[in-house]
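# Coordinate analysis (summary)
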Amino acid sequence: MHAPVPYSRPRPPVVASPLVRDDVPLGSIDPQEWNRLANHLPLLTHEYGSALHRTRCAARETGWQPRFLTAWDASRLIGAMPLYAKTHSYGEYVFDWGWADAYRRHGRRYYPKLVSAIPFTPVPGPRVLAEDARTRRALLERALGALGHGHSSLHILFTDEAQAREGAAAGMLVRDGVQFHWRNGGYRDFADFLDAFNHDKRKKIRQERRRLAEAGVTFVRKTGADISASDRAFFFECYERTYRAHHSTPYLSLEFFDEIAATLGDNLLLVTGYRDGRRLCTALDVFDATTLWGRYWGTREYVPGLHFETCYYQAIEFCIERGIECFEGGAQGVHKLARGLLPVATHSLHAIADRAFAAAIADYCARERVDVAHSIGELESGTPFRRNEIP
């Protein structure tokens, strides 16, 4: 990937660009047209974004003011960019609090900033939605053109590698991070998956699962219409309880989960743990034919090993049963490595309007990227798999 350079205003395009608008809300766009651009990825769909907006989870009052960009060929939608004006950095999972503090200490305002992201969702993928590079460049230039007009910076979070290269070519800074993803090695079942582990790691996971079973904990997995309103209410109770236990405020509401159950139900997996016939814990994941995204979990009480089983082992079993290729375990979590999720690099793009700050942040991102590459190398050496069994 290209070395980052401080952002400078891009030159006007030589070729004619499509019409780019900033005044078309998501609710006014045909869902089928949006989903075509989003390649029908569940967490990028019109239904998922609309649920965030309609339930006011991502709205002006929560610090997520929608400023979506769209590109048009006459009346045909040919490109889009989910974009928000942010008044804080919560719910992003790419941490820039230090940058905001540096602005404050120098008597300058970091907020509002512009963020292209799926709110509260650290899932890698495209953020500039268009089939051709010309349209993607036009959308990116329009977003960059807003800098210096009341916005300190532009941040494109968890973009894919191809779009990270396009952003770097446009003068944006590239910042890397680490996530942990599981790959399906064509396993017949969970026991076959564990057989690929070295002896010590395999033994530990078997012990974790056996102790839960001996404690009387069992699990049920549901998808689609089998997930009832009662199931969702219990899930939300656990989700909210767990956030509060960590002194955090839940970002999402029961109304939001009810809405995506109605519109994306066939893409939802609900795992519920029981003990002595009573519900104990739960996790809600999103999936399609190729990928499962680990999203939210909660519990009524702490039980050793419960989190690993509910969030990882049950998800991996589901992927093996369905032939799903990849399980993305969400943000952070070195503990995932011992469960068979391997480190991968994630990418975000940043443009800073103030050139002095841009130079300092470019240096920081360059050094951080080296550290991330070293960390991934060290983590890979700690894989639980036997060397000839790494998927």
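Everything below is about the structure printed above this text.
Before going into details, it helps to say that this report is about the structure given with it.

About the thresholds
Residues numbered from 1 in each chain as written. Predicted model: local features only at pLDDT ≥ 70, side-chain atom pairs only at ≥ 80, totals over all residues. Heavy atoms only, no water. Pairing = 2+ DSSP bridges. Helix = DSSP H or I, 4+ residues; strand = E, 2+ residues; numbered from the N terminus. Axes fitted to C-alpha atoms, helices over the stretch in contact; angles between N-to-C directions. Patch = residues over 30% accessible without salt bridge, like charges linked within 9 Å, V, L, I, M, F, W, Y side chains within 5 Å. Areas by Shrake-Rupley, 256 points an atom, 1.4 Å probe, with all protein chains shown as cover. Salt bridge = Lys/Arg side-chain N within 4 Å of Asp/Glu carboxyl O. Buried < 20%, exposed > 50% of the residue type's maximum accessible area, 1.4 Å probe, protein only. Parallel < 35°, antiparallel > 145°, perpendicular 65-115°, else oblique. Left-handed = near helix turned anticlockwise from the far one by under 90°. Contact = heavy atoms within 4.5 Å. Nonpolar A, V, L, I, M, F, W, Y, C, P; charged D, E, K, R; others polar.

Pairing is mixed across the open sheet formed by eleven strands, whose spatial order is β2-β5-β6-β8-β15-β9-β14-β13-β12-β11-β10. Each edge of the open sheet is held by one strand with a lone partner, namely β2 (64–66) and β10 (217–223). Geometrically, the sheet is characterised by an average inter-axis angle of 30° between neighbouring strands, direction not taken into account. As paired elements, strand β6 (residues 113–116) and strand β8 (residues 153–159) share three bridges and run parallel to each other.

On the surface, a cluster of nonpolar side chains totalling about 340 Å² of accessible area is made up of Tyr90, Phe95 and Trp97. Here Phe95 lies in the loop between β5 (84–86) and α3 (97–105). Owing to a relative accessible area of 43%, Phe95 belongs among the partly exposed residues under this scheme.

Whether parallel or antiparallel, the strands of a sheet pair through hydrogen bonds between backbone atoms. Spatially, four strands are ordered β1-β3-β4-β7 in an open sheet, and the strand pairing comes out antiparallel. A strand with exactly one partner marks an edge of an open sheet, and here the two such strands are β1 (19–21) and β7 (129–130). Strand direction decides the pairing type here: β1 and strand β3 (residues 69–73), joined by three bridges, are antiparallel. Each residue of the ladder has a partner; that of Val20, found in β3, is Ala71.

Moving on to the packing of α3 against helix α11 (residues 355–380). Where α3 meets α11, the closest approach of the two axes is 12 Å, and the angle between their N-to-C directions is 150°. It follows from the interaxial angle that α3 and α11 lie roughly antiparallel. The way α3 lies across α11 gives a crossing that is right-handed. Residue-level inspection shows Trp99, Ala102 and Tyr103 of α3 in contact with α11, the latter providing Phe357, Ile361, Tyr364 and Cys365. For the contact of α3 with α11, the per-class residue count stands at seven nonpolar, no polar and no charged.

Attention shifts here to the packing of helix α8 (residues 229–245) against helix α9 (residues 254–264). A pair of packed helices is captured by two measures, namely the crossing angle of their axes and the spacing between those axes. Taken N-terminus to C-terminus, the directions of α8 and α9 make an angle of 140°; their axes are 10 Å apart at the nearest point. The angle between α8 and α9 places the two elements in the oblique class. Seen along the crossing, α8 lies across α9 with a hand that is right-handed. The segment α8 lies against α9, with Arg232, Ala233, Phe235, Phe236 and Tyr239 engaging Leu254, Phe257, Asp258 and Ala261.

Right, let's get into the pattern of salt bridges. One pass over the full model with this rule turns up 31 salt bridges. For Arg104, the salt bridge goes to Asp101, with nearest N and O atoms at 2.6 Å. Of this pair, Arg104 and Asp101 are both found in helix α3, three residues apart, which corresponds to roughly one turn of the helix. Classification of Asp101 as partly exposed rests on a relative accessible area of 30%. A salt bridge links Glu317 to Arg209, with the shortest nitrogen-to-oxygen separation between them at 3.3 Å. With a gap of 108 residues between them, Glu317 in helix α10 (residues 306–322) and Arg209 in helix α7 (residues 199–214) connect regions that are remote in the sequence. Here Glu317 matches Arg209 in class, with each residue buried.

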